[in-house]
Amino acid sequence: MDLSSIDTDLLLTIGLAIAIFAIPAAISAFSDGRPPRAATVGIVVAGALIVVAFYARPGGYTLRMVPEAVARTLARVVNR
């Protein structure tokens, strides 16, 4: 499987954005006594996107590179 043409910064940013919304939704569902079905799907999708981004980028990401990748992606979106 050739992952060289995938925009890993975009995958990472989308995965982090989904996780930002899914984790509080899961906590809310647990505290209300509801099953966290949608939040679980969101967390799984977010995790998969983040793992693919780390796997597809040559050399992977370091913790210091994550904010830079998000900033690059947002700058590309805003400047279009």
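You'll find the structure just up there.
Residues numbered from 1 in each chain as written. Predicted model: local features only at pLDDT ≥ 70, side-chain atom pairs only at ≥ 80, totals over all residues. Heavy atoms only, no water.

S.K.: Help me get a handle on the overall build of the chain, residues and values and all.
M.R.: Assigned secondary structure in the chain consists of three helices and zero strands. Along its sequence from the N terminus, the chain presents helices and strands in the succession α-α-α. When the backbone C-alpha atoms are referred to their principal axes, the chain occupies close to 40 × 30 × 25 Å. Residue burial in the chain is summarised as follows: out of 80 residues, 28% are buried. A separation of at least 24 residues holds for 68% of the contacts in the chain among residues at least 6 apart in sequence. Accessible area of the chain: about 5600 Å², with a carbon and sulfur share of 70%. Mean positive and mean negative side-chain charge positions of the chain (7 and 5 charges, respectively) differ by 3 Å. (Helix = DSSP H or I, 4+ residues; strand = E, 2+ residues; numbered from the N terminus. Buried < 20%, exposed > 50% of the residue type's maximum accessible area, 1.4 Å probe, protein only. Contact = heavy atoms within 4.5 Å. Areas by Shrake-Rupley, 256 points an atom, 1.4 Å probe, with all protein chains shown as cover. Lys, Arg positive; Asp, Glu negative; His and termini not counted. Charge placed at Lys NZ, Arg CZ, Asp CG, Glu CD.)

S.K.: Describe the pattern of salt bridges, and please don't skip the residues or the numbers.
M.R.: Per the counting criterion, the structure on display carries three salt bridges. Residues Asp7 and Arg76 are paired through a salt bridge, measuring 2.4 Å at the closest nitrogen-oxygen approach. Highlighted residues: Asp7 in the segment before helix 1 (8–32) and Arg76 in helix 3 (residues 65–78), separated in sequence by 69 residues. Arg34 is the partner of Asp32 in a salt bridge, and the nearest nitrogen-oxygen pair spans 3.2 Å. On the basis of relative accessible area, Arg34 is assigned to the partly exposed category, the value being 42%. (Salt bridge = Lys/Arg side-chain N within 4 Å of Asp/Glu carboxyl O.)

S.K.: Lay out the environment of Ala71 in plain terms, naming residues and giving numbers.
M.R.: Inspection of the secondary structure puts Ala71 in helix 3. Ala71 gets classed as partly exposed once you look at its relative accessible area, which sits at 43%. Ala71 sits 48 residues away from Ile23 along the chain, and the two C-alpha atoms are 22 Å apart.

S.K.: Tell me what's going on with the nonpolar core, and back it up with residues and numbers.
M.R.: Membership of the largest hydrophobic core is limited to six residues, which are Leu11, Leu12, Ala53, Tyr61, Val66 and Ala69. Breaking this core down by element, the ones donating at least two residues are helix 1 and helix 3. Apart from residues lying up to four places away in sequence, Ala69 is in contact with Asp9, Leu12, Thr13 and Tyr61. (Core = buried A, V, L, I, M, F, W, Y, C linked by side-chain atoms within 4.5 Å.)

S.K.: Before we move on, can you summarise the side chain of Thr8 with the specific residues and values?
M.R.: Secondary-structure assignment places Thr8 in helix 1. In contact with Thr8, other than residues within four places in its own chain, are Ala53, Ala56, Arg57 and Tyr61.

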